[in-house]
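So you can see what is in the structure, the chains are spelled out below.
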Amino acid sequence: EAEAALVDYWRPNGPVFREGCNEQHTNRRFFHYGPILPRQSFGTTRSTLNVLPARLGSMPSAVEELQLRQRIRKEAEGLGDSHLDLDQLYVNYYSAAAKGRIGFHHDHVGTMRGVVAGLSLKSHCDFELRALDAELCGQPTVSLRLPARSLYLMSGLSRYHLQHGIPLHSADRLSMTFRSVDKAGSSGSRRQWAREWSSLPPAEAAKCRWPLLPPEQQADDCKH
Ligand SMILES: O=C(O)CCC(=O)C(=O)O
Ligand SMILES: [Fe+2]
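Note that the structure is predicted; figures quoted are calculated from it, not measured. (Residues numbered from 1 in each chain as written. Chains lettered and ligands numbered in written order. Predicted model: local features only at pLDDT ≥ 70, side-chain atom pairs only at ≥ 80, totals over all residues.)

Looking only at helices and strands, the chain has 7 helices and 12 strands in total. A globule of 224 residues ought to have a C-alpha radius of gyration of about 17 Å, and the chain, at 18 Å, matches this closely. Seen along its three principal axes, the alpha-carbon backbone of the chain occupies a region of about 60 × 40 × 35 Å. Burial analysis of the chain (224 residues in total) assigns 29% to the buried set. In the chain, the proportion of contacts linking residues at least 24 apart, taken out of those at least 6 apart, comes to 81%. (Helix = DSSP H or I, 4+ residues; strand = E, 2+ residues; numbered from the N terminus. Rg over C-alpha atoms; globule rule 2.2 N^0.38 Å. Buried ≥ 20, exposed ≤ 12 C-beta atoms within 10 Å, placed from the backbone. Contact = placed C-beta atoms within 7 Å.)

What follows is the structure, encoded as structure tokens:
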């Protein structure tokens, strides 16, 4: 039931379909929540993410109602990442008809903290891992089956060393990838991370890709 609601929300021609965008090279429909992303960091397969320091947008209400972040944190306990805010979310809809896939890449190290968590919904898929080490070049990739309704966690080797990718698949799949913005390790100061979206200079704002949901109202706003 919960899975059906999530799949329905992001389905092709569903309620938020128009707010997503197609990733040019790999035909995924893509929705993003949390930090503001600079436009120029899109379309590369090398690093998926760079962020602009300002307040973070909210998570979709279904994510909070299902307590997905709390549930993932529980599963990731013991992986050595003590700041699992999981405040950045990519939702990818891979349509079989559109030949959706994702090429080999590393998730950005430096702007995103250690653990990356991914949910696979609607269909299973193959998840491929490869090493770039010269001595392992030419070795076959490692292929894992991610079952439908499963969670994977990348840390250590899979996060920092190997690249991952998802090849074409014969059924539609929806994935939700959660990460944690590394505010401490980034170039943004505390004050910059607290910036309201409305205070971004127009020239800077024009170069951004905006999350689908704005920040939650601050408690102070409600008191007036
Ligand atoms: O669809 C997935 O599970 C993987 C998505 C992914 O690797 C990414 O967004 O960086
Ligand atoms: Fe990735």
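A few words now on the nonpolar core. Counting 22 residues, the largest nonpolar core has W10, L89, V91, V115, A117 and L174 as its most contacted members. Broken down by secondary-structure element, the contributors of at least two residues to this core are β2 (28-33), β4 (88-94), β6 (116-121) and β11 (173-179). The biggest single contributor to this core is β4, with 5 residues. With near-sequence residues (within four places) excluded, V115 lies in contact with A76, L79, D81, L84, L153, M154 and S155. One finds L37, L56, M112 and V181 within the second-largest nonpolar core, a separate group that totals 8 residues. (Core = buried A, V, L, I, M, F, W, Y, C linked by C-beta atoms within 7 Å.)

Inspection of the secondary structure assignment puts H106 in the loop between β5 (102-105) and β6. Owing to 17 C-beta atoms within 10 Å, H106 belongs among the partly exposed residues under this scheme. Sequence-wise, H106 and R71 are 35 residues apart; in three dimensions their C-alpha atoms are separated by 24 Å.

So, on to the environment of F127. Checked against the element boundaries, F127 lands in strand β7 (residues 125-130). The class for F127 is buried, based on 22 C-beta atoms found within 10 Å. Setting aside anything within four residues of it in sequence, one finds F127 in contact with L144, L146, Y152, H164 and I166.

One key point about sheets: their strands pair by backbone hydrogen bonds, in either a parallel or an antiparallel sense. Here we have 4 strands laid out as an open sheet, ordered β5-β10-β7-β8, and antiparallel in their pairing. Every interior strand has two partners, whereas the edge strands, β5 and β8 (142-146), have only one. The sheet shows a mean angle of 20° between the axes of neighbouring strands, direction not considered. Pairing of β7 with strand β10 (residues 163-166) involves 3 bridges; the strand directions are antiparallel. Pairing of R130 across the sheet is with Q163, part of β10. (Pairing = 2+ DSSP bridges. Axes fitted to C-alpha atoms, helices over the stretch in contact; angles between N-to-C directions.)

Once that is clear, we can look at the pairing of β8. On any regular strand, side chains alternate: one points to one face of the sheet, the next to the other face. For β8, the buried fraction is low: 0 of the 5 residues fall into the buried class. In this sheet, β8 lies alongside β7 in antiparallel orientation, the contact comprising 5 bridges. Counted as the bridge partner of C125 is L146 from β8.

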